[in-house]
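Okay, here's what each chain looks like letter by letter:
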Amino acid sequence: MADQDAAVERMEEAEHDDYTRRRAWKRGKPALIEALAALEHEQWQAWAHGILATEKLSSKRQRRWARLFIRSYDQLTEQEKEQDRIWARKVLAIVEAHG
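Predicted model, so just to flag it, every value in this text is computed and none were measured. (Residues numbered from 1 in each chain as written. Predicted model: local features only at pLDDT ≥ 70, side-chain atom pairs only at ≥ 80, totals over all residues. Heavy atoms only, no water.)

**A closer look at the overall build of the protein chain**
The condition is simple: Counting from the N terminus, the helices are the DSSP runs of H or I reaching at least four residues and the strands are the DSSP runs of E reaching at least two. For every residue, the accessible area obtained with a 1.4 Å probe (protein chains only) is divided by the maximum for its type, and the residue is called buried under 20%, exposed over 50%, and partly exposed between those limits. For this analysis, residues touch if any pair of their heavy atoms sits within 4.5 Å. Computed with a 1.4 Å probe, the accessible areas rest on the Shrake-Rupley method; for each residue, only the protein chains presented here act as cover.
Broken down by element type, the protein chain carries 3 helices and 0 strands. Taken from the N to the C terminus, the helices and strands of the protein chain come in the order α-α-α. Out of the 99 residues belonging to the protein chain, those deemed buried represent 19%. The long-range fraction of contacts in the protein chain, counting pairs at least 24 apart against all pairs at least 6 apart in sequence, stands at 57%. With an accessible surface of roughly 7800 Å², the protein chain has 58% of that area assigned to carbon and sulfur atoms.

**As for the side chain of Lys81**
Topologically, Lys81 is positioned in helix H3 (residues 78–98). Non-local contacts of Lys81, meaning those with residues more than four positions away in its chain, are made with Tyr73, Asp74 and Leu76.

**What to know about the side chain of Gln45**
The following threshold applies: What qualifies as a polar contact is a pair of N or O atoms within 3.5 Å, subject to a donor-acceptor requirement within protein and to the restriction that residues adjacent in sequence count only when both atoms come from side chains.
Along the chain, Gln45 falls in helix H1 (residues 2–54). Engagement of the side chain of Gln45 in a polar contact is seen with the backbone oxygen of Phe69, the distance being 2.8 Å. In this view, Gln45 contacts Leu68, Phe69 and Arg71; residues no more than four positions away in its chain are not counted.

**Looking at the pattern of salt bridges**
Stated precisely, the cut-off is as follows: For salt bridges, the criterion is a side-chain nitrogen of Lys or Arg within 4 Å of an Asp or Glu carboxyl oxygen.
Within the structure shown, the criterion is met by 8 salt bridges. Salt-bridge contacts for Arg85 lead to Glu34; the nearest nitrogen and oxygen are separated by 2.4 Å. In this pair, Arg85 is assigned in helix H3 and Glu34 in helix H1, connecting sequence segments 51 residues apart. We classify Arg85 as buried; its relative accessible area is 9%. Owing to a relative accessible area of 28%, Glu34 belongs among the partly exposed residues under this scheme. For Lys81, the salt bridge identified is with Glu78, shortest N-O distance 3.8 Å. Taken together, the residues Lys81 and Glu78, both in helix H3 and 3 residues apart, mark about one turn of the helix. In this structure Lys81 comes out as buried when scored by relative accessible area, which is 12%.

Treat this as a map of the structure, not an account of what it does.
Printed below as a string of structure tokens:
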């Protein structure tokens, strides 16, 4: 009987630890989304740099990209940041599905 009680207690502790980890994950999500969104903007800047160097783009697109290209993530408008957050949330969904 003592072995069963100990096993039940270990299961309950493991469930509590898992619950605690999930809560910490959810609390940390906004900061993680922002970090991933900033990384996405850097990735886009690298990609855009390559495209600008090799492709013929319309002058309208060149002007729009130039404005975004020289600004760091924290200098973007909320609307512009949200475009990067969309991709950050997609990354998180994949991590959560496999984590």
